[in-house]
Amino acid sequence: MNGIYQLPLERALAPASDAGRSTPTAAAGGSPVLLRLDRVSIERSGKRILEGLDLDIRRGSITAIVGPSGIGKSTLLATLNGLLPPASGTLSVDGIGRLQTPASLLAHRRSSATVFQEHALIARLSALDNVLLGLADRRHPLSPLPWPRAMREQALAALAEVGLLGKALDPVARLSGGERQRVGIARALVREPRLLLADEPFASVDPALAERLAGEFRRLVRDHALTLVIVLHQLDLARRLAERIVGLADGRIAFDGPPSRFDAAAQARLFPLHPAPEPTCHP
Ligand SMILES: Nc1ncnc2c1ncn2[C@@H]1O[C@H](COP(=O)(O)OP(=O)(O)OP(=O)(O)O)[C@@H](O)[C@H]1O
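Residues numbered from 1 in each chain as written. Predicted model: local features only at pLDDT ≥ 70, side-chain atom pairs only at ≥ 80, totals over all residues.

*Asks:* For this particular structure, what's the right way to read the confidence of the model for the chain?
*Replies:* Caution applies to low-pLDDT regions: their predicted coordinates should not be interpreted in detail. Mean pLDDT over the chain works out to 84, with 84% of the residues at or above the 70 mark. Across residues 1-29 the pLDDT falls below 50, and counting only partners more than four positions away or on other chains, this stretch makes 54 contacts in the model. For this predicted complex, the interface score ipTM comes out at 0.96, alongside a pTM of 0.84. (pLDDT = per-residue confidence, 0-100. Contact = placed C-beta atoms within 7 Å.)

*Asks:* Looking at this model, I keep getting lost on the sheet that holds strand β9 (residues 244-249). Mind explaining?
*Replies:* Within a sheet, adjacent strands bond to each other through the backbone by hydrogen bonds, running parallel or antiparallel. Pairing is mixed in the open sheet, where 6 strands are placed in the order β6-β7-β8-β3-β9-β10. The outermost strands of the open sheet, each flanked by one partner alone, are β6 (112-115) and β10 (252-257). Adjacent strand axes in the sheet meet at a mean angle of 20° when their direction is disregarded. Where β9 and β10 come together, 5 bridges link them in antiparallel fashion. In the strand pairing of β10, leucine 248 is matched with isoleucine 253. (Pairing = 2+ DSSP bridges. Helix = DSSP H or I, 4+ residues; strand = E, 2+ residues; numbered from the N terminus. Axes fitted to C-alpha atoms, helices over the stretch in contact; angles between N-to-C directions.)

*Asks:* What is the right way to read the site of the ligand from this model?
*Replies:* Around the ligand, the neighbouring residues are Arg44, Ser45, Ile49, Gly67, Ser69, Gly70, Ile71, Gly72, Lys73, Ser74 and Thr75. Ranked by the residues each element gives to the shell around the ligand, the list is headed by helix α1 (residues 73-80), at 3 residues. Partitioning the shell around the ligand into residue classes produces 2 nonpolar, 7 polar and 2 charged. (Near = placed C-beta within 6 Å. Nonpolar A, V, L, I, M, F, W, Y, C, P; charged D, E, K, R; others polar.)

Have a look at this one:
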């Protein structure tokens, strides 16, 4: 892990409900909050997509982002990732502070990784080479040299983590949908992120495989002390995987609570044009 992330942690943050919430900085102490959005508004091409977002993401937690198509779920992930700075408000990260400068944004991006719906893999390259691309920002972009041995070992370890060591040298074009998704997960893991973002990672796999991959995400979060924020369309899966559901509607956070409170009425408020599915049991 890069040394910059081992800065002394800030003092414990005040609860989210406090009026004068403090900002994560690199002071002494520990914080249960990894990431904090304070009155954040987000725009795309000058158009306001989301506004007034107050959100604390706790370290080691799994948060599912749900909401209708086009509401701004991927946009929110892009802001959490540091790719799309807020139009107003602040985004703060424990150990880094407010993401206001290029250096702080870079530090945050280096400690985060994203898994995409369509994997964003290069089909003609091997699984191993695709995973190595997760480390592309850790060496010179025009380097003609082979990947250093240490990075190759890191990438192989990430492939082993998702059960694909045996296919490390296979071109991605020859892998199944589920295997490709695993390569995408390995490419994120190789960055040793503390924040893992996932944008509809189960959208192109069948329900049984989605269930299995969800189990793998849960294990990875636990084993690697990750914090996961995952955009999901499958509400049942969101309820089973996450300990917290954040629902977006009308440009705002319209629901924020545990799966047990995400009942038919809450769903109907997020998806008013569709009848809410029957509530299902969850552990
Ligand atoms: N690069 C962009 N430039 C301008 N507008 C964009 C851009 N990307 C997305 N938008 C707009 O921002 C809004 C939110 O899009 P976003 O992709 O975040 O929604 P979403 O909730 O993730 O949708 P879906 O569930 O369909 O993936 C939409 O109106 C979309 O048209």
